[in-house]
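# Structural overview for review
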Amino acid sequence: LGPLKPLIEDETISDILVNGLSNIYVERNGKIEKTDRKFTTREELEKVIEEITLPLGKKVNSDFPLLDGRLPDGSRINIVVEPVALDGPLLSIRKFSQKMLGGQDLVKMGAISENMLEFIKICVLGRKNIIISGGTGAGKTTFLNIASSFIPEDERIVTIEDAAELQLQQEHVARMESRPPDMEGKGAITIRRLVINALRMRPDRIVIGECRGGEALDMLQAMNTGHDGSLTTLHANSPRDALKRLEVLVMMSGVDLPSRAIREQIASAVQLIVQLGRLQDGSRKIVEITEITGLEGNTITTAPIFKFIQTGFTTEGKVEGFFKPTGTIPTFLEELRHRGIEIDMKIFQ
């Protein structure tokens, strides 16, 4: 991998971004920085691209200038070449973390409070449908891994992803990955098709790596028809934005549903939105946990249960703040008690 090899091996780096021959950037601790590494010749860069694409069984050239793939270690790779890339080939590598973070790791890092983690655990055990929402690089997949770790061992989990990144610890997991079309534009297996197929596989839970298209409708229907406790992630900057985006994704399914019908589906299917944020200092935090409480008129009603309150910055430029329960008690607690789940009410005070 030429000049990229030490960057791949550096565990403090999460992203490697190559813009042509002489501009190689990395993301470290949430901040992007330029490295002093560069490719000496165009041939060297093309050799690295060839080394990366060969095991994938894919080609990237002027006829097919875009490539998405996954490296053997699980890292995600995106390559753009001429004529689409104007100043030389563009490589983006999202490194796959070999170190599996747990809930307590997030507590130690200040990304979540002990009470919030306990609440998420209760909701997963109580089979609540949860959407993990956040911007690019906010840590959605990491948190999806942690939330799914609370699923009991005796349940059958079906996972559906674009690029397999989930590291579920349970024994009974059926993993599926979508497939892009081949060079002739044939043979694509979409996330949507996999969601529909998953319903025939007798799942207790369906975990979708990310909702980004018409599969949102099939996911909501699955959540509404007995597949409680399903989990997915969504690109959005706030819980309210997540609801709007979910509505747009359902419209992308091509099924002509009135807006109210879509909102009724969302309000009855999803119980919780966990909002992740990447703050100004590059740190990632769970900034809000919100319950979806129902539908009033044409509006989906929500109630925040926990929030991160930012108070300022330290002299080193680190974000200061604290996690705070809003005082709102979730409406489904009684139902959880009927399931035999113990709840300490102190976590909401």
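Residues numbered from 1 in each chain as written. Predicted model: local features only at pLDDT ≥ 70, side-chain atom pairs only at ≥ 80, totals over all residues. Heavy atoms only, no water.

## Structural notes on unusual backbone geometry
Between glutamate 82 and the following residue, proline 83, the backbone shows a cis peptide bond with an omega angle of 10°. The backbone of arginine 127 sits at a positive phi, close to 60°, despite the residue not being glycine. Mapped onto the fold, arginine 127 is located in the loop between α4 (114-125) and β7 (130-134). Positive phi outside glycine occurs at arginine 202, with the angle close to 50°. (Helix = DSSP H or I, 4+ residues; strand = E, 2+ residues; numbered from the N terminus.)

## Focus: the nonpolar core
Ranked by size, the top nonpolar core spans 38 residues in total, and within it Phe119, Ile120, Phe143, Leu272, Val274 and Ile289 carry the most contacts. Secondary structure elements with two or more residues in this core: α4, β7, α5 (140-148), β12 (272-278), β13 (284-296), β14 (299-313) and α10 (333-338). Here the element with the most residues in this core is α4; it accounts for seven residues. Look past the residues within four positions of phenylalanine 119 in its chain and what remains in contact with it is Leu272, Ile289, Ile305, Phe306, Pro330, Phe332, Ile347 and Phe348. Listed in part, the 33 residues of the second largest apolar core include Ile191, Val195, Ile206 and Ala222. (Core = buried A, V, L, I, M, F, W, Y, C linked by side-chain atoms within 4.5 Å. Buried < 20%, exposed > 50% of the residue type's maximum accessible area, 1.4 Å probe, protein only. Contact = heavy atoms within 4.5 Å.)

## Observations concerning the layout of surface pockets
The volume enclosed by the second largest pocket comes to roughly 280 Å³. Glu46, Ile49, Glu50, Val60 and Asn61 are, among the 14 residues lining the second largest pocket, the residues nearest its centre. Taken together, the residues of the lining of the second largest pocket break down into five nonpolar, three polar and six charged. (1 Å grid on protein atoms, 1.4 Å probe; cavity = no way out; pocket = protein on both sides within 12 Å on 5 of 7 lines; lining within 4 Å. Points joined across faces, edges and corners; volume = space filled by probe spheres on them. Nonpolar A, V, L, I, M, F, W, Y, C, P; charged D, E, K, R; others polar.)

## Topic: the packing of aromatic side chains
Under the definition given, this model contains five aromatic pairs. Where phenylalanine 119 meets phenylalanine 348, the ring centres are 5.6 Å apart and the plane angle is 80°; that geometry is what we call edge-to-face. Of this pair, phenylalanine 119 sits in helix α4 while phenylalanine 348 sits in the segment after α10; the two residues are 229 residues apart in sequence, bridging distant segments of the chain. For the residue pair phenylalanine 119 and phenylalanine 348, the accessibility class agrees, reading buried in each case. When the ring of phenylalanine 306 is compared with that of phenylalanine 348, the centres are 6.2 Å apart and the planes differ by 35°; the resulting orientation is tilted. With a gap of 42 residues between them, phenylalanine 306 in strand β14 and phenylalanine 348 in the segment after α10 connect regions that are remote in the sequence. Each member of the aromatic cluster is reached from another via a ring pair, and the members are Phe119, Phe306, Phe332 and Phe348. (Phe/Tyr/Trp six-rings, centres within 6.5 Å; stacked < 30°, edge-to-face > 60°.)

## Some words on helix α7 (residues 215-224)
The element α7 is largely enclosed, with a buried count of eight among its 10 residues. The elements touched by buried residues of α7 are α6 (191-198), β10 (205-208), β11 (231-235), α8 (239-251) and α9 (259-269). Count one or two residues on from α7 and you reach glycine 226, which has phi positive near 100°.

## Thoughts on helix α2 (residues 42-53)
The end-to-end C-alpha distance of α2 is 17 Å, a good match for the 16 Å that 12 residues give at a rise of 1.5 Å each. For α2, every residue scored as buried is listed here: Leu45, Val48, Ile49, Ile52 and Thr53. Projected onto a plane normal to the axis of α2, the buried residues spread over an arc of 130° and lie on a single side. Next to the buried residues of α2 lie β4 (66-70), β5 (76-80) and β6 (90-94). (Expected span 1.5 Å × (residues − 1). Arc of directions from axis to C-beta.)

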